[in-house]
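Summary of structural features
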Amino acid sequence: MSSGVYLHIPFCRSRCSYCDFATDVYKNAGIVDSYVSALAREIENFPLSKAVDTIYFGGGTPSLLSPVQLEKILESIHKKFSVAADSEITMEMNPATVTPETLKAYKSLGVNRASFGAQTFDDTELKRLGRRHTAADVRETIELLREADYANVSFDLIAGLPRQTLKDWERNLDEALKLQPEHLSLYLLEIHEATPLAEQIRSGRQPLPDEELAAAMYELMLEKIVLENYRQYEISNFCQPNYESKHNSKYWTLDAVFGFGCSAHSFDGATARYANERDTAKYVSLIKEKSSAVVYREEINVESEFIFLGLRLTKGIDLDEYKKRFGIKVIEKYAADLQRLESLGLIEFAENRLRLTGKGFLFSNEVFAAFV
Ligand code: SF4
């Protein structure tokens, strides 16, 4: 099985109110240049030389990279890894950060999948989230991508925004589906402690999102999306036939993904997860000093992760594969929990697989807790 490579590009034009990713405000191309040099050095000094078939530029806003900067990173990857000719190469982009020229240049360098954060088609909600773009920018970005011949486009929407009604969410879904992206990621808003949005909620300036309403939004999304020829393949991910994200799928099937850049996480494909320094400046210094910025490492419980990551996928887990890998039947190891979850209608056994039911997807955390 080939591995994946993840590159973290931590720069954004400004910071959105709900975001807790490792990002820095983009000040000038010079700062990005020194980051790109550190990234190239980290990749070239990586101790393994593996076969890879997915490359993912995430962030942050990778579309703030100039084509020259992108080329430098890709050159390092090609020097270090054996990259399959048909690799999926994804770049996260933000609306209003790309031009026909940059899109053409990214494509000529091998980018063949674009993923961007639309989040909502309501300008008031966008403003509330601190997003810099408008709904019109999202439509224009899709148009630019199509004109530049990008045939695999994904975008994210967020449900459960403060003050968002079920009707608002339905309008958002309709707008999204009209644009016919090949792939959609639909998330429920999560409130992270140290964000401005969390502070606005604590001080009463924004209401706490309503969990029941969020559940109704999720159900509405499932109803609408299947009518439009999209298939749910993971809790939050939907696609037209054959457009599953190959890169993200590696996380759910425990394939190796090697991360580079500040805050990038890796899994070695066997038992170890590790992560880089989160702070951009410290990351650059660490790479200059010792060509590695790994600050955290843990041995994971592969058996338990095999179950709860596999259950995120609609196809669930293969019972024979589980037995082969771990030498015991899942039904024997978790008899009581499985019986309980099955009687609650949260899981089911079908075609020699264990998977979540529709209700199970709504209460997935309850199911996962049984296996952690
Ligand atoms: S654009 Fe994305 S990564 Fe950047 S601040 Fe906003 S949510 Fe965070």
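Here we summarise the structure given alongside this text. (Residues numbered from 1 in each chain as written. Predicted model: local features only at pLDDT ≥ 70, side-chain atom pairs only at ≥ 80, totals over all residues. Heavy atoms only, no water.)

This part covers the site of the ligand. Within the structure, the ligand sits among Cys12, Ser14, Arg15, Cys16, Tyr18, Cys19, Phe21, Thr23, Gly60, Asn94 and Arg131. Among the residues making up the shell around the ligand, the classes are represented as five nonpolar, four polar and two charged. (Near = heavy atom within 4 Å. Nonpolar A, V, L, I, M, F, W, Y, C, P; charged D, E, K, R; others polar.)

In this chain, Gly59 is followed by Gly60 through a cis amide linkage whose omega measures 15°. On the secondary structure map, Gly60 appears in the loop between strand E4 (51-59) and helix H2 (67-80). Even without being glycine, Gln180 reaches a positive phi, approximately 50°. Tracing the sequence through the fold places Gln180 in the loop between helix H6 (166-178) and strand E8 (183-188). Accessibility expressed as a relative area gives 35% for Gln180, which makes it partly exposed. Phi at Asn242 is positive, roughly 70°, even though this residue is not glycine. (Helix = DSSP H or I, 4+ residues; strand = E, 2+ residues; numbered from the N terminus. Buried < 20%, exposed > 50% of the residue type's maximum accessible area, 1.4 Å probe, protein only.)

Turning next to the packing of aromatic side chains. Scanning the entire structure with this criterion turns up 16 aromatic pairs. Residues Phe46 and Phe81 carry aromatic rings whose centres are separated by 5.8 Å and whose planes lie at 40° to one another, so their mutual orientation is tilted. Residue Phe46 is found in the loop between helix H1 (29-44) and E4, and its partner Phe81 is found in the loop between H2 and strand E5 (82-93); the two are separated by 35 residues along the sequence. Like Phe81, Phe46 is buried. Measuring from centroid to centroid gives 6.3 Å for Phe81 and Phe258, while their planes differ by 15°, and the two rings are stacked. Of the two residues, Phe81 is situated in the loop between H2 and E5 and Phe258 in strand E11 (residues 257-260); the sequence distance between them amounts to 177 residues. Residue Phe81 shares its accessibility class with Phe258, and that shared class is buried. Three or more aromatic residues joined by ring pairs make a cluster, and in this case those are Phe46, Phe81, Phe258 and Phe260. When the ring centre of Phe267 is taken as origin, the NZ or CZ atom of Arg273, which lies over that ring, is 4.8 Å away. (Phe/Tyr/Trp six-rings, centres within 6.5 Å; stacked < 30°, edge-to-face > 60°. Lys NZ or Arg CZ within 6 Å of the ring centre and 35° of its normal.)

The next subject is the environment of Phe57. Mapping Phe57 onto the fold places it in strand E4. Put simply, Phe57 and Gly259 are 202 residues apart on the chain and 10.0 Å apart in space, counted from C-alpha to C-alpha. Look past the residues within four positions of Phe57 in its chain and what remains in contact with it is Leu7, Ile9, Pro62, Leu65, Leu70, Ile73, Leu74, Ile89, Thr90, Met91 and Glu92. (Contact = heavy atoms within 4.5 Å.)

This next bit is on the pairing of strand E17 (residues 353-356). The pairing of strand E15 (residues 317-318) with E17 spans two bridges and is antiparallel. Note that in E17 the partner of Ile317 across the bridge is Leu354. The pairing of strand E16 (residues 347-350) with E17 spans four bridges and is classified as antiparallel. By the bridge assignment, Ile347 is partnered in E17 with Leu356. With antiparallel pairing between neighbouring strands as the criterion, E16 and E17 make up a hairpin whose turn holds two residues, including Glu351 at a positive phi of roughly 50°. (Pairing = 2+ DSSP bridges.)

Computed from the structure, the second largest pocket encloses a volume of approximately 300 Å³. Lining the second largest pocket are 19 residues, with Ser249, Trp252, Thr253, Asp255 and Lys315 sitting closest to its centre. When residues of the lining of the second largest pocket are traced back to their parent elements, those giving at least two are helix H9 (246-252), helix H11 (302-310), E15 and helix H12 (319-326). Residue contributions to the lining of the second largest pocket peak at four residues, all from H9. In terms of residue class, the lining of the second largest pocket is built from six nonpolar, four polar and nine charged. (1 Å grid on protein atoms, 1.4 Å probe; cavity = no way out; pocket = protein on both sides within 12 Å on 5 of 7 lines; lining within 4 Å. Points joined across faces, edges and corners; volume = space filled by probe spheres on them.)

With respect to the helices and strands, the residue Ser87 is situated in strand E5. With residues up to four places along the chain from it excluded, the contact list for Ser87 reads Val52, Asp53, Thr54 and Asn112.

Let us now look at the pairing of E8. The pairing of strand E7 (residues 153-159) with E8 spans six bridges and is classified as parallel. Counted as the bridge partner of Ile158 is Tyr187 from E8. With H6 bridging E7 and the parallel E8, this β-α-β connection has right-handed handedness. Relative to strand E10 (residues 237-239), E8 runs antiparallel, the two being bridged by three bridges. Along E10, the bridge assignment pairs His183 with Cys239. (Right-handed = clockwise from strand over helix to strand, strands pointing away.)

Summed over the entire model, instances satisfying the criterion amount to 19 salt bridges. When the shortest N-O distance is used, the salt bridge between Arg146 and Glu182 registers 3.1 Å. Of this pair, Arg146 sits in helix H5 (residues 135-147) while Glu182 sits in the loop between H6 and E8, and the two are 36 residues apart along the sequence. Given the relative accessible area of 9%, Glu182 is considered buried. Among the salt bridges present, the one from Asp168 reaches Arg171, with a minimum N-O distance of 2.7 Å. Separated by three residues within a single helix, Asp168 and Arg171 lie in helix H6, roughly one turn from each other. (Salt bridge = Lys/Arg side-chain N within 4 Å of Asp/Glu carboxyl O.)

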